[in-house]
Amino acid sequence: MAELTRELNRHLYNYHVLDAPTIPDAEYDRLFVELQQLEAAHPESMASDSPTLRVGAAPIPEFSQVTHALPMLSLNNGFSDDDVEQFDRRVRETLGVQAVAYATELKFDGLAISLRFENGVFVQAATRGDGSTGEDVTANIKTVRAIPLRLHGIGHQAVPAVLEVRGEVLMFKADFLKMNERLRAAGEKEKANPRNAAAGSLRQLDSRITSQRNLKFFAYGIGVLEGAPMPASHAALLDWLEQLGLPVSKERTVVQGAAGLLDFYRDIGTRRSLLPYEIDGVVYKVNAVEDQQTLGFVSRAPRFALAHKFPAEEALTQVVEIDVQVGRTGAITPVARLQPVLVGGVMVTNATLHNEGEVRRKDIRIGDTVIVRRAGDVIPEVVAFVPERRPLDAREFVMPTSCPVCGSAIVRLEEEAVARCSGGWTHCGAQKKGGLMHFVSRRAIDVEGLGDQLIEQLVDKNLIHTAADLYTLDKARLSSLDRMAEKSAQNVIDALEKSKNTTFARFIYALGIRNVGESTAKALAQHFGNLDALLHAATWENGIQLLEVADVGPIVARSISAFLSDADNLALVNTLRAQLYFQEGSHVMQNAGPFAGMTFVLTGTLPALSRDEAGALIEAAGGKVASSVSKKTTYVVAGADAGSKLAKAETLGLAILDEAALLALLAKSTTPQETLETDTP
Ligand code: 5U1
């Protein structure tokens, strides 16, 4: 078995990494079946790097989260020769040298991933996520045959105790075309580009599907390294990774100065279309690791590296119509409906015109032939019209005065470029749907399986109006929707239930307050710690306290203040806070601890603790403190002079604690297991 494992792994490496197959496929398959049979008879002797693990494993219910030991950084972007020269100048000035050697690489258009090897054995793979926390895709990555399950030994050199390899998972162009052919034949929706195809393949809960997708990988850096010396240069690091059996692109060099960087950029630019995979630029890194350390980082990107992006791809097509779209904050965006056209391999039928001013400035008219541009993941945009192709009957765009969805007036504030529907989410279906789609999205409250089409149906059928209504949905109502079997309905209910455990930062972000993105939401959560403090700051003196938060300027403060002062929004926030469990003390916490899932109501005067102190103890143990008593209340903690809340608790037959009983419960719940066991018969 060990011999077969070694031999098959060698063939996999020759085929997938070196691109130089050494045996016919049929012979490989024969050896593979032989190993499978031996493993079935002697499972205890199966190797941790057996190639039979590459076929995938049984589906998992969800991806768990992985906190990166070292954050996964992003790169600063440059777009012009000037940007590159400036980058080189800054590097030289900081290092105080005349000339710098750079390692140059490709900027792969795939998904960043971190692979962890312990004592040479692959143990975990995680997606980039937000850079600090990603998803555990270990089972899926095992199916990527180009990634070794065990690092190769190099002579007498020690294998590192821990090595985190950073790189990009991607799908080659040929495999992407084959995959779309299959999807087309099956009548399913095709993937827009290889990057989306790779992302979709990697995020399969059933890794057997990933196994069929022939994903590839290129390493370009490392995270944690223990038990082996760090090579002195980036080029040496890549050579080392290659020797360890990892795929590293051959398209890499070391060059001198800005001139060398620009030569590399131009060389790759001319050969870009000939590469078997997509790239969106090249990457430059200061070669000497010591210099990299001197240069350090700004925000989440290293000062020693630059991604030099290729220009966006463009194509000519005709504007058939100009409509407007209503966004979740009511923003009205003119959208050009286009004669379908391929831009950089993606079929484009709509392109944004951003706002009315932009349509006038660019003088885009219906009937015009226009240049359409697409850059990476960005929504395609109309760059300009072609004057000599303007037909005599080209029509000017007229901004509607009322919202095409709800009929409310469209207004444009003087200081804003964007016109907005004045209906708000309570009146305008488009805003309602947009807000709900944002609320359930992965980076917000994260309700898996509740997609856009489902939200559309739920709103159109008047089954929900607010995010809070989502948590009142039952299986019967969900099953009444189109294409919703009972099992899928149950999955949605389960996902909703799971989403209740969230963080304060996610909650703020999920509200969809204009100008409040993820990082502002995190900053607010960290600064205020709990919802009451945030609400107080937002509604006191026009939100002046909000300006104390890093990153919050007057515009953002005004958005937050306006949102949280609105009666409908406030009612929604208060309903949601009663439905969700988020520990408010910090922005990173999950709801955990012995009191997780329990709701407490405090009433009356406790002998020793203030209400705030008691509340903090409960929340620190993962419990939730609510202001009113209901059937959902787990415990009412009553002190002297408790009034109507205590009476209601007694009527409902709820458990009532005094301060001593609360403290006893806390002590019991947080006592280590061994001590508890001695108490248990
Ligand atoms: N080739 C290459 N791509 N890429 C992407 N190198 C590289 N380095 C990166 C990223 C995000 O980050 C470094 C900070 C390791």
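Note that residues are indexed from 1 along each chain, following the sequence as it is written. In keeping with the predicted nature of the model, local features appear solely for residues at pLDDT of at least 70, side-chain atom pairs appear and are counted solely at 80 or more, and the whole-chain, interface and lining totals rest on all residues. The side-chain values count all of the structure's non-hydrogen atoms but skip hydrogen atoms and water molecules.

### Description of the pairing of strand β8 (residues 216-226)
Consideration 1: Buried, partly exposed and exposed residues are distinguished by accessible area as a fraction of the type maximum, computed with a 1.4 Å probe on protein chains only: under 20%, between the cut-offs, and over 50%, respectively. In this text, helices come from DSSP runs of H or I with a minimum length of four residues, and strands from runs of E with a minimum of two, each type numbered from the N-terminal end. Most of β8 is tucked away: nine of the eleven residues are buried.
Consideration 2: Strand pairing is defined by DSSP finding a minimum of two bridges between the two strands. Strand direction decides the pairing type here: strand β7 (residues 162-170) and β8, joined by eight bridges, are antiparallel. The residue bridging Val-165 from the neighbouring strand is Ile-222, located in β8.

### Things to note about the side chain of Gln-579
Consideration 1: With respect to the helices and strands, Gln-579 occurs in helix α22 (residues 567-579).
Consideration 2: Other than its neighbours up to four places away in sequence, Gln-579 contacts Ala-468, Tyr-471, Thr-472 and Lys-500. By definition, residues are in contact when any of their heavy atoms lie within 4.5 Å.

### Some thoughts on the site of the ligand
Consideration 1: Being near a molecule or strand, for a residue, comes down to having at least one heavy atom within 4 Å of it. Every residue lining the ligand is accounted for by Leu-73, Leu-75, Glu-105, Leu-106, Tyr-220, Val-283, Lys-285 and Pro-302.
Consideration 2: Polar contacts, as counted here, are pairs of nitrogen or oxygen atoms within 3.5 Å of one another; within protein the pair requires one atom able to donate a hydrogen and one able to accept it, and residues that are adjacent in sequence qualify only if both atoms are side-chain atoms. Residue Glu-105 places a side-chain N or O atom 3.2 Å away from a nitrogen atom belonging to the ligand.
Consideration 3: A distance of 2.8 Å separates a nitrogen atom of the ligand from a polar atom in the side chain of Lys-285.
Consideration 4: Residue-level accessible areas treat just the shown protein chains as cover; the underlying method is Shrake-Rupley with a 1.4 Å probe. Considering the ligand on its own, with 370 Å² of exposed area, one finds that the protein chains cover 85% of that surface.
Consideration 5: For the shell around the ligand, the secondary structure elements donating two or more residues are β3 (101-108) and β10 (279-286).
Consideration 6: Polar here means any residue other than Ala, Val, Leu, Ile, Met, Phe, Trp, Tyr, Cys and Pro, which are nonpolar, and Asp, Glu, Lys and Arg, which are charged; Gly is therefore polar. Looking at the shell around the ligand residue by residue, the classes come out as six nonpolar, no polar and two charged.

### Digging into the sheet that holds strand β9 (residues 253-256)
Consideration 1: Read across the sheet, five strands follow the order β2-β13-β10-β3-β9 without closing on themselves; strand pairing throughout is mixed. The open sheet has two edge strands, β2 (77-78) and β9, and neither has a second partner.
Consideration 2: Alignment of β3 against β9, held across four bridges, turns out to be antiparallel. Bridge pairing in β9 links Ala-103 to Val-254.

### Focus: the domain arrangement of the protein
Consideration 1: Here the domain parsing of the protein yields domain 1 (2-53), domain 2 (77-309), domain 3 (314-411), domain 4 (424-499), domain 5 (504-582) and domain 6 (599-669).
Consideration 2: The partner domain 2 presents 13 residues to the eight residues of domain 1 that form the contact.
Consideration 3: With both sides pooled, the region where domain 1 packs onto domain 2 buries about 900 Å², and carbon together with sulfur makes up 60% of that total.
Consideration 4: Salt bridges are defined as contacts in which a side-chain nitrogen from Lys or Arg sits within 4 Å of a carboxyl oxygen from Asp or Glu. Here domain 1 is connected to domain 2 by one salt bridge. For the domains described, the bounds stem from an automatic or database domain assignment. As a working definition, buried area equals the accessible area (1.4 Å probe) given up by two parts on being put together, with both sides summed.

### Examining a nonpolar patch on the surface
Consideration 1: Patch building starts from residues that exceed 30% relative accessible area and form no salt bridge, then joins like charges within 9 Å and nonpolar side chains (Val, Leu, Ile, Met, Phe, Trp, Tyr) within 5 Å. A cluster of nonpolar side chains, namely Trp-540, Ile-544 and Leu-547, defines an oily patch on the protein surface of about 290 Å² accessible area.
Consideration 2: Examined against the element boundaries, Leu-547 turns out to sit in the loop between α20 (531-539) and α21 (554-565).

### Some remarks on the pattern of salt bridges
Consideration 1: Across all of its chains, the model carries 41 salt bridges by this definition.
Consideration 2: Of the charged contacts, one joins Asp-81 and Arg-266 as a salt bridge, the two residues approaching to 2.5 Å between their closest N and O atoms. Here the residue Asp-81 occupies a position in helix α3 (residues 81-95), and Arg-266 occupies one in helix α9 (residues 257-271), the gap between them amounting to 185 residues.
Consideration 3: Here Asp-81 falls in the partly exposed class, since its relative accessible area comes to 32%.
Consideration 4: Note that Arg-373 and Glu-381 form a salt bridge whose closest N and O atoms lie 3.6 Å from each other.
Consideration 5: The network of salt bridges with shared partners includes Asp-363, Arg-365, Asp-368, Arg-390 and Glu-396.

### A word on α20
Consideration 1: For α20, the set of buried residues is Leu-531, Leu-534, Leu-535, Ala-537 and Ala-538. Considered in projection along α20, the buried side chains sweep an arc of 165° and stay on one side of the axis.
Consideration 2: Where α20 starts, the residue carrying a side-chain oxygen 3.1 Å from the main-chain nitrogen of Asp-532 turns out to be Asn-530.
Consideration 3: Of the residues one or two after α20, Glu-541 is the one with positive phi, at around 50°. Starting at the helix axis, one direction is taken to each C-beta atom, and the arc is that of these directions.

### Some details on the nonpolar core
Consideration 1: Counting residues in each nonpolar core, the largest one holds 59 residues, and the members touching the most others are Leu-450, Leu-470, Leu-524, Leu-546 and Leu-576.
Consideration 2: Per element, the largest residue contribution to this core is six residues, and it comes from helix α18 (residues 504-510).
Consideration 3: Looking at this core, you find at least three residues from each of domain 4 (424-499) and domain 5 (504-582).
Consideration 4: Dropping the residues within four chain positions of it, Leu-576 is found in contact with Phe-439, Ala-467, Ala-468, Tyr-471, Phe-507 and Leu-511.
Consideration 5: Here, the term nonpolar core denotes a set of buried Ala, Val, Leu, Ile, Met, Phe, Trp, Tyr and Cys residues that are joined through side-chain atoms within 4.5 Å. Within the second largest apolar cluster, 38 residues are counted, among which are Ile-113, Ile-154, Leu-163 and Ala-198.

### Here's the deal with unusual backbone geometry
Consideration 1: Even without a glycine there, the phi angle at His-354 is positive, about 65°.
Consideration 2: Looking at the secondary structure, you find His-354 in the loop between β16 (346-352) and α11 (356-362).
Consideration 3: A positive phi angle, close to 70°, is found at Asn-515, a residue other than glycine.

### Regarding the environment of Val-398
Consideration 1: In this fold, Val-398 is placed in the loop between β18 (381-385) and β19 (410-411).
Consideration 2: Here Val-398 falls in the exposed class, since its relative accessible area comes to 66%.
Consideration 3: Separated by 39 residues in the primary sequence, Val-398 and Val-359 have C-alpha atoms spaced 9.9 Å apart.

### Notes on the sheet that holds strand β24 (residues 624-626)
Consideration 1: Overall, parallel pairing links the four strands, which are arranged β24-β23-β25-β26 in an open sheet. Each end of this open sheet is capped by a strand with a single partner; those strands are β24 and β26 (655-657). Taken pair by pair, the neighbouring strands of this sheet meet at an average axis angle of 35°, ignoring direction.
Consideration 2: Where strand β23 (residues 599-603) lies against strand β25 (residues 635-638), four bridges are found, and the strand directions are parallel. For Thr-603, the partnering residue across the bridge sits in β25 and is Ala-638.
Consideration 3: Geometry is summarised by axes, namely lines fitted to C-alpha atoms with helices restricted to the contacting stretch, and by angles between N-to-C directions that run from 0 to 180 degrees. Helix α24 (residues 644-652) contacts β23, β25 and β26 of the sheet and is inclined by roughly 135° relative to β23.

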